[in-house]
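# A closer look at the structure
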Amino acid sequence: GEDVEQSLFLSVREGDSSVINCTYTDSSSTYLYWYKQEPGAGLQLLTYIFSNMDMKQDQRLTVLLNKKDKHLSLRIADTQTGDSAIYFCAERGGSQGNLIFGKGTKLSVKP
Amino acid sequence: ETGVTQTPRHLVMGMTNKKSLKCEQHLGHNAMYWYKQSAKKPLELMFVYSLEERVENNSVPSRFSPECPNSSHLFLHLHTLQPEDSALYLCASSPTTGTENIQYFGAGTRLSVL
């Protein structure tokens, strides 16, 4: 069945790079997404990547896609305390193109 | 502000109460969704509406009853809930249900069932 796996926690120091990893199972996924959820808030779309791309960069964010291994990563350069949040990986799957989410990775940034 | 507004933000209800969650989107989208977010579990898709028609119902108990009177509004009617229904309920909308399917989320309603 469809499944998206992420590690639950990541802790980094301010100014370091953060790398959040995700694996997915649906090889037919056409789009993969990263969402951010700050405390008490809903999910905010950070970025997405089409499956025919290997990499996408947007300011401090770099998304890498290894379609062969079904592995997606999100790199945040120069991580700031404001980046502390839960990051969700999602693939488009299921009927009607629904999103399948991972459990989320809680990123803690220490000063 | 994502253009998707959910009310109330917090709700406490007893197991015998009836309440409704409301979602409104100002983005001109045609699809709307209800998700349940419980601690330590992935987001669970509950219902999908496309052009005001329900297109998916993921085996959700009948004590949750959705309503989509128009493409801008989505409700979740609640009755005789159980304590395990306590969670954050998120509404989302997207232009359609296909192609890029970028979903925009509201801030959620935090529901506590006593």
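Here the structure is a predicted model, which means the values were calculated and not measured. Just so you know, the residues in each chain are numbered from 1, in the order the chain's sequence is written. For naming, the first written chain is A and the first written ligand is 1, with later ones following in the order written. Reporting in this predicted model follows two pLDDT cut-offs: at least 70 for local features of residues, and 80 or more for side-chain atom pairs to be given and counted; totals over whole chains, interfaces and linings ignore these cut-offs and use all residues. Based on all heavy atoms of the structure, the side-chain values leave hydrogens and waters out of the count.

## Re the pairing of strand S1 (residues 4-7) of chain B
Residue and element names in this part refer to chain B. Just so we agree on the cut-off: Each residue is placed in one exposure class: buried if its accessible area under a 1.4 Å probe, protein chains only, is under 20% of its type's maximum, exposed if it is over 50%, and partly exposed if it falls in between. Secondary structure elements are taken from DSSP: a helix is a run of H or I of four residues or more, a strand is a run of E of two residues or more, and numbering for both begins at the N terminus. For two strands to be treated as a pair, DSSP must find at least two bridges joining them.
A one-sided burial pattern is seen for S1, the buried positions being Val4 and Gln6 and the unburied ones Thr5 and Thr7. Where S1 meets strand S3 (residues 18-25), 4 bridges bridge the pair, whose relative direction is antiparallel. In the sheet register, valine 4 faces S3, and the bridge partner there is glutamine 25.

## Considering the sheet that holds strand S3 (residues 18-24) of chain A
Residues and elements named next belong to chain A. What counts, and what does not: The convention used is that axes are lines fitted to C-alpha atoms, helices contributing only their stretch in contact, and that angles between N-to-C directions extend from 0 to 180 degrees.
Read across the open sheet, the 5 strands follow the order S1-S3-S8-S7-S6; overall the sheet is antiparallel. The strands lining the two open edges of the sheet, one partner per strand, are strand S1 (4-6) and strand S6 (55-58). The sheet shows a mean angle of 15 degrees between the axes of neighbouring strands, direction not considered. Looking at chain direction, strand S7 (residues 61-66) and strand S8 (residues 71-76) are connected through 6 bridges and run antiparallel. Its bridge partner being in S8, valine 63 is matched across the sheet by leucine 74.

## A few points about the pairing of strand S7 (residues 64-70) of chain B
Regular strands place side chains that alternate from one sheet face to the opposite one. All names here are of chain B. Where S7 and strand S8 (residues 73-79) come together, 5 bridges link them in antiparallel fashion. Residue proline 66 lies in a different strand from S8, and its bridge partner there is leucine 76. Between S7 and S8, which pair antiparallel and follow one another directly, the connecting turn spans 2 residues.

## Regarding the nonpolar core
Heads up, the condition is: Joining through side-chain atoms within 4.5 Å is the link that ties buried Ala, Val, Leu, Ile, Met, Phe, Trp, Tyr and Cys residues into a set, and such a set is a nonpolar core.
Core analysis: the largest hydrophobic core is formed by 22 residues, its most contacted members being Trp34(B), Phe64(B), Leu76(B) and Leu78(B). Among the elements of the structure, strand S2 (10-13), S3, strand S4 (31-37), strand S5 (44-50), S7, S8, strand S9 (87-94) and strand S11 (109-113) of chain B are those that each provide at least two residues to this core. Core analysis: the second largest hydrophobic core is formed by 20 residues, Val12(A), Val63(A), Leu65(A) and Ile100(A) among them.

By themselves, these figures tell us nothing about what the structure is for.
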